Structures are given as C-alpha cells and as structure tokens.
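Structural description and commentary
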Amino acid sequence: MVRQDRSDRRSGGHKRGKGRDDHHYHHGGQKTSKTTKPPVNENSPVIAVFRTFQTELDSVHDKYERLVKLSRDVTIDSKRVIFLLHRISNDEKKQSVLEEADSKIANVKQRLCQITQELQGEDPYRYLRAISPGVQEFIEALLFYHYIKNNKLLGHKELEQQLSFVVTNESEGSKVNQARDAGMKQQKGSDVKKPEEDTSEETATETKTEAENESSTEPKSCVTGGGDEAPPETLKIDMHIPPNEYMLGMADFTGELMRMCINSVGSGDRETPFQLVSFMREIYDGFQLLGNTPNREVVRKLYTMRQSLKKVENTCYTLHVRGSEIPEHMLLDAIASVEKGERGFAGDDGGEE
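Thresholds applied
Residues numbered from 1 in each chain as written. Predicted model: local features only at pLDDT ≥ 70, side-chain atom pairs only at ≥ 80, totals over all residues. Heavy atoms only, no water. Core = buried A, V, L, I, M, F, W, Y, C linked by side-chain atoms within 4.5 Å. Buried < 20%, exposed > 50% of the residue type's maximum accessible area, 1.4 Å probe, protein only. Helix = DSSP H or I, 4+ residues; strand = E, 2+ residues; numbered from the N terminus. pLDDT = per-residue confidence, 0-100. Contact = heavy atoms within 4.5 Å. Phe/Tyr/Trp six-rings, centres within 6.5 Å; stacked < 30°, edge-to-face > 60°. Axes fitted to C-alpha atoms, helices over the stretch in contact; angles between N-to-C directions. Parallel < 35°, antiparallel > 145°, perpendicular 65-115°, else oblique. Left-handed = near helix turned anticlockwise from the far one by under 90°. Nonpolar A, V, L, I, M, F, W, Y, C, P; charged D, E, K, R; others polar. Patch = residues over 30% accessible without salt bridge, like charges linked within 9 Å, V, L, I, M, F, W, Y side chains within 5 Å. Areas by Shrake-Rupley, 256 points an atom, 1.4 Å probe, with all protein chains shown as cover. Salt bridge = Lys/Arg side-chain N within 4 Å of Asp/Glu carboxyl O. Expected span 1.5 Å × (residues − 1).

1. Some words on the nonpolar core
By size, the foremost hydrophobic cluster in this structure holds 60 residues, and its most contacted members are Leu112, Ile115, Ile131, Phe138 and Met239. Of all the secondary structure elements, the ones that give two or more residues to this core are α2 (45–85), α3 (91–118), α4 (128–150), β1 (164–168), α8 (243–266), α9 (272–288) and α10 (296–322). For this core, the element with the highest residue contribution is α4, accounting for 13 residues.

Dropping the structure here:
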C-alpha cells in the first residue's frame, strides 16, 4: 500500500508538472509579446527642452575632448623641451640648446593659445581636469628653461605674463561658437516635422562647425606677448594659471633639478650640485610652510620632492667627504652605492619596528 501511494503521488506530481509547464509556456508567450511604443511628439515643449539639453551637453563634451587632445600635445612638446635642456653639458653648447628650446617653447605656447581660445567665456575651473596634465608639464619645462638661462625661479605672475596672446576678432572661438550654437538651436526648433532629415542635417552642421573651429584656432593667428595695448582689429586674451597648478609644476621641476645634478657630476662639474642643493632646500622649505594640505596630489609630489632633495644631498655629501679620494669616472658609482646603503639601512629599521 505504501508503494502504491508513492506511485500515485509520483504520477500526480508528474501530471501537475505538465500543468505547470503548460501554464509557464502560456505565461511566457504573454511576456514575449511585443508592445508598441507610442510615437514621440516632437512638438511637445518638454521634448524641446530636452533637445536643448542634448545640444548643450554635446557641445560641452566636444569641447572637453578637444581640450584633452590639445593637452596631450602640450605634454609631449614640453617633455621634448625638458629632454633637450638635459643635453647641456658645457657653456659652449648651452647657447645653441637654449635657442632651440626657445623655438620649441614658442610652439607649445601656440597650442596654449588654442586652449585659451576654447576657454574664453567659460569657467576656468570647469575644464581644469582636461588641461591640468599639459599645463603642469609646460610649467615644469618653462621653469627649468628659465632657471638654466637666468639662474632663478620664474614667479607665478611672470608666468602668466608670458601666456598673454593676441588673436584676431574673427578667430575668437567663444563668440563664434555661441553664434553657431544659437543658429543650430533655431534650426532645430523650426524643423521639427522631419526628424530623420534633421539628424542628417545636424551631423553635417556639427562636422562643419568642428572643421571651422579647428580652422579658426590655428596657431598662426596667435601672437604671444601682446602687451597692454592691442590693435583694434585684434583681441588680447590671457590664460589663467591657478596657483595650485603652478605649485604642482614647481614640484615636478625639482625632479629635473635632481637629474641635472646627477648629469653634472657625470660630466665632471662639482660646483653645480652645491648650487642646486641650496636652491632646492629653499623650494622645499617654502612647501613646508603650507602645513597639512588636503590635496592628495600635493602630498604625493611633496614626498617625491623630499626624495629628490635627499639624493642631491647625498651627492653633495659624497663630493665633499670622498670627492678627493675618488676618481671622477667613479663618482656616480660611489653615489649609487651610498643610496643603496641608505635604502638597506631604512629597510632594516622598518623590519625591526
């Protein structure tokens, strides 16, 4: 009897399973049925408002991408200037290298002029993340160039004076873009009856405006150092450099001073390291006056600056204490051995703690 009840239960369960499968199939058929969406009313004021939001966001994203590309070019050209300045090994080669670096810096300023044109009429901090890497790299290169040429630090106001440009009124990017955006909005508001044709026209107009923007911001239209007065057919524009960006570029500049110190030792110059160590200490002491800064990037670069200063101090220590007993061609090896010994000693202390 027990076996028969179990068989009945199994058979009943099997039948119930069939019923569930049929119900699931029927329920699944209802789920897979396609529902037709109502057409979008292009004449609705709500849709029109969101169309304007779309155009504004597209223009912001396009400008952001253009600034990122210009910032990459500025970073690449600035690195080339730094690499060129490190080739100076004696006074005879210094003048020719500085002249070549001056021409390269002028080319970088032309790209910064394009960035300044793009930022006309905009909040300078709105697109700061797009241009920050290029601006910091340019500040590092310009400070390094100015120190080698004049043996002093270029100030923040002096830096901004070198980023004053004179362009023609027709090539000012902000006014042209605003007029074109207004014209595009009027066209979109009037041609709402043909959405398919509007999309093609919009893409065509966007490609035209991008091409015109690129042509309007050519480097040939920019002239640096326009002075206080400009001709009536031209317009003077200034690039704003935030103090935080200047400080970060200065922190990177100390790393180039450390490399310059090591290169001078390799070329047999024993006076330059002692000049550099005093100059780097002044910069480091100035950063110490800031106290605890909440900016994570400043803290990270301050730690790197401390390491660079320590390498220069070790170099000066080796030259002063053991410089007379070590040949010039073995000084770099002696400096490297001192650094390795300090690293091992620091590692032992860390392990004991």
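Text resumes after the structure shown.
2. Here we look at the confidence of the model for the protein
Within the protein, residue pLDDT values average 76, and 64% of them lie at 70 or more. No element of the protein has a lower mean pLDDT than helix α7 (residues 195–216), at 45, and none a higher one than α4, at 95. Contacts of residues 211–220 to residues separated by more than four positions or lying in other chains number eleven contacts, the stretch itself having pLDDT below 50.

3. Some thoughts on the packing of aromatic side chains
On inspection of all chains with the given rule, the structure shows five aromatic pairs. With a centroid separation of 6.2 Å and an interplanar angle of 65°, the aromatic rings of Tyr147 and Phe253 are classed as edge-to-face. Residue Tyr147 is located in helix α4, and its partner Phe253 is located in helix α8; the two are separated by 106 residues in the primary sequence. Note on accessibility: Tyr147 and Phe253 belong to one class, buried.

4. Some remarks on the packing of α8 against α10
Viewed as axis vectors pointing N to C, α8 and α10 meet at an angle of 20°, and their least axial separation amounts to 9 Å. In terms of orientation, α8 and α10 fall into the roughly parallel class. As α8 runs across α10, the sense of the crossing is left-handed. On α10, the residues touching Asn244, Leu248, Ala251, Asp252, Thr254, Gly255, Met258, Cys261, Ile262 and Val265 of α8 are Glu297, Val298, Lys301, Met305, Ser308, Lys311, Val312, Thr315 and Leu319. Partitioning the contact of α8 with α10 into residue classes produces ten nonpolar, five polar and four charged.

5. As for a nonpolar patch on the surface
A contiguous nonpolar surface patch, about 380 Å² in accessible area, is contributed by Val46, Val49, Phe50 and Phe53. One can find Val49 in helix α2. Looking at Val49, the relative accessible area reads 38%, which means it is partly exposed.

6. With respect to the side chain of Lys63
Inspection of the secondary structure assignment puts Lys63 in helix α2. Those residues within four positions of Lys63 in sequence are excluded, and the remaining contacts are Glu118, Glu122 and Tyr127.

7. Notes on unusual backbone geometry
Within the chain, Asn151 stands out as a residue other than glycine whose phi angle is a positive 60°. Mapped onto the fold, Asn151 is located in the loop between α4 and α5 (156–162).

8. Section: α9
With 17 residues, α9 should cover 24 Å at 1.5 Å per step; its first-to-last C-alpha distance of 24 Å lies within 8% of that length. All of the buried residues along α9 are Thr272, Pro273, Leu276, Val277, Phe279, Met280, Ile283, Tyr284 and Phe287.

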